[in-house]
Amino acid sequence: MKRLLTILLSLTLTITLALAGPKKGINFDSYYMQLGMDALKNGQIEEALQSFEKVLQGDSTNGYAHFWIGIGLADKGEVDASLTAINNALTYLPKKEKSYLSSAYGVRAEVYLIKQDTTAALDDYAKAIKCMPERKSLYEDRAELYFELHQYDLSNKDYDKLLELDPNSIYAYMGKGRNFRDLKQYDLAIRYFSYALQMYPNFSRGYSFRAECFILQKKYNEAADDIIAALDLDGDSKARGLMIYKYTGDKMDIIKHKLERMTHKEPKRALWRHNLAVLLEANDQYKDAIMQYKEAKRLDPNAIVDERIAVCHASMGNYAKALEYLNLVIAKDTTKANLYSRRAHYYSELGEYQKAIEDYDKYVEMMPDNSRAYFLRGWEKHMAGQHEGAIEDLTISISMDSTFAVAYDGRGRSYQSLGQTDLAKADFEKILSFDTVPGSNSCAAFAYHFLGQDSLAIDYALRCLEVDPHTYYNVACAYALAGNAEKAVEYLRKAFEDGFVRFYHLSRDVDFDAIRQDPAFQALIEEYTQKIQQSWEE
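I will try to describe carefully the structure that is included in this document. (Residues numbered from 1 in each chain as written. Predicted model: local features only at pLDDT ≥ 70, side-chain atom pairs only at ≥ 80, totals over all residues. Heavy atoms only, no water.)

## Section: helix α25 (residues 421–434)
- Its 14 residues place the ends of α25 21 Å apart at the C-alpha level, agreeing with the 20 Å of an ideal helix rising 1.5 Å per residue.
- Taken together, the buried positions of α25 are occupied by A424, D427, F428 and I431. Down the axis of α25, the smallest arc covering the buried residues is 95°, so these residues share one side. Summarising the geometry of α25, the exposed residues directed more than 90 degrees from the buried face are D422 and S433. (Helix = DSSP H or I, 4+ residues; strand = E, 2+ residues; numbered from the N terminus. Expected span 1.5 Å × (residues − 1). Buried < 20%, exposed > 50% of the residue type's maximum accessible area, 1.4 Å probe, protein only. Arc of directions from axis to C-beta.)

As structure tokens, this is what we get:
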């Protein structure tokens, strides 16, 4: 997609060259050539291609028509056909047409990149530059490719050449800054990002990249100032990402205080409340985040915050409230599949299985080629006791992804519920054949249990915990399935302390049926149910 965009930029450049006026030896006045050029100017690719084909019917050696056809085909994604057309253009274009030849080599380089042939692409960039050594875009493109290949010295040489041609090139300063960042020469990187900002003080991405380097130097205060500057300009996504992922734990207050100062400095601007809410949400301070999201919406009724408020409520275990806000979002936009999937999850957490299944029906309809969509609906049917339907959906999911462990787990459980023990055993054994690396999504522990090997189940669950410290709940399940109430309660408490809030799920999770009447288990559930519900109070 990125390379196709570059081709379109090349298309704009070459159209400008062609439309600047007729040149000696080029029959731009011919009816079909002019028709094709007009169509390209209006973005009518198919019409343009038809017109240029008409030109070739009259003269198959017209290099200009081959050139434009090559660009049009590239825009359509017909890479091989585009390559053939550009090759023809390079064969027939007059050798004196340096501008066109340079453009043809440049476009062919981009086509080679789509085909992942970087060697051929670099060769064509060199030929393009030889034809037109003053064309800045060629150095920009080749420097970007060298960057992607981690050939930073060569990338910097092209950026230096670009600065010779254009001393105010923001691409060159930003590019060199990025190269030095990757070389871990952070002071040099910051210097070049600062040069870019001196020339273009309203370029938000410059602040974001400089902030990233400050963070890499552990200069969080300086970085926070740059992040605030970037957000102030246009809410730059890179700046927001740095705020979310780099300012956690004891670092959160550094940028939190700056955002709070901005809310006082510009009290009517929803931007600051919204970003403060995003920061608080990222740091699991959901109640405070909700308050800030609501304030952002008060300041700007068009602020898109209801979905985030729903997520915050769900993260606190208040699925009824989450559902209330998510319904507001879906009422305004019925086209997003993920909204139905999320609402189905909320319904499921509230025990409203049929409503969950109905939303998963919409999700499957909108995502018919997504194995996870069938899995989610199949698992919900399993939980609702609709085991035949569950097996059907989970089988479809497995047919799309033969190593989708949780789909085998769900189907195996449904087979077992129907008394089809041989089929269940086959699914659990299948899990063990490929689910061999412990992790947060591993199902092998459950497979071991259903195959009667509880000691291996517990061992595997503990190994998963070593990889992902947020899998206490699964360890509790493994102990509960083995009938070890004491250990199950121990790890379930750790799950609660780690933020587990799915109490309705826990109340119906069959993995805990063997210890459900245990006094310590019941006391733990009552203790944390009260704590969680108290946290909902506003």
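## Looking at the pattern of salt bridges
- According to the stated counting rule, one finds 42 salt bridges in the structure shown.
- In this structure, E46 engages K76 in a salt bridge whose closest nitrogen and oxygen atoms are separated by 2.7 Å. Placement of the pair is E46 in helix α3 (residues 45–58) and K76 in helix α4 (residues 63–76), with a sequence separation of 30 residues.
- Here E46 falls in the partly exposed class, since its relative accessible area comes to 39%.
- For K115, the salt bridge identified is with D80, shortest N-O distance 2.7 Å. Pair noted here: K115 is in the loop between α6 (98–114) and α7 (118–131) and D80 is in helix α5 (residues 79–92), with a separation of 35 residues, a long-range link. (Salt bridge = Lys/Arg side-chain N within 4 Å of Asp/Glu carboxyl O.)

## Things to note about unusual backbone geometry
- Here the phi dihedral of H150 falls at roughly 65°; this positive angle occurs in a residue that is not glycine.
- Among the secondary structure elements, H150 is positioned in the loop between α8 (136–148) and α9 (152–165).
- For H150, a relative accessible area of 56% gives the class exposed.
- Although it is not a glycine, K184 adopts a positive phi angle of roughly 65°.
- Residue K184 is classed as exposed on the basis of its relative accessible area, which comes to 63%.

## Comments concerning the side chain of S103
- Within the secondary structure, S103 sits in helix α6.
- Its relative accessible area of 6% is what places S103 among the buried residues.
- Separated by 2.7 Å, the side chains of S103 and R135 make a polar contact. (Polar contact = N/O pair within 3.5 Å; in protein donor to acceptor, adjacent residues only side chain to side chain.)

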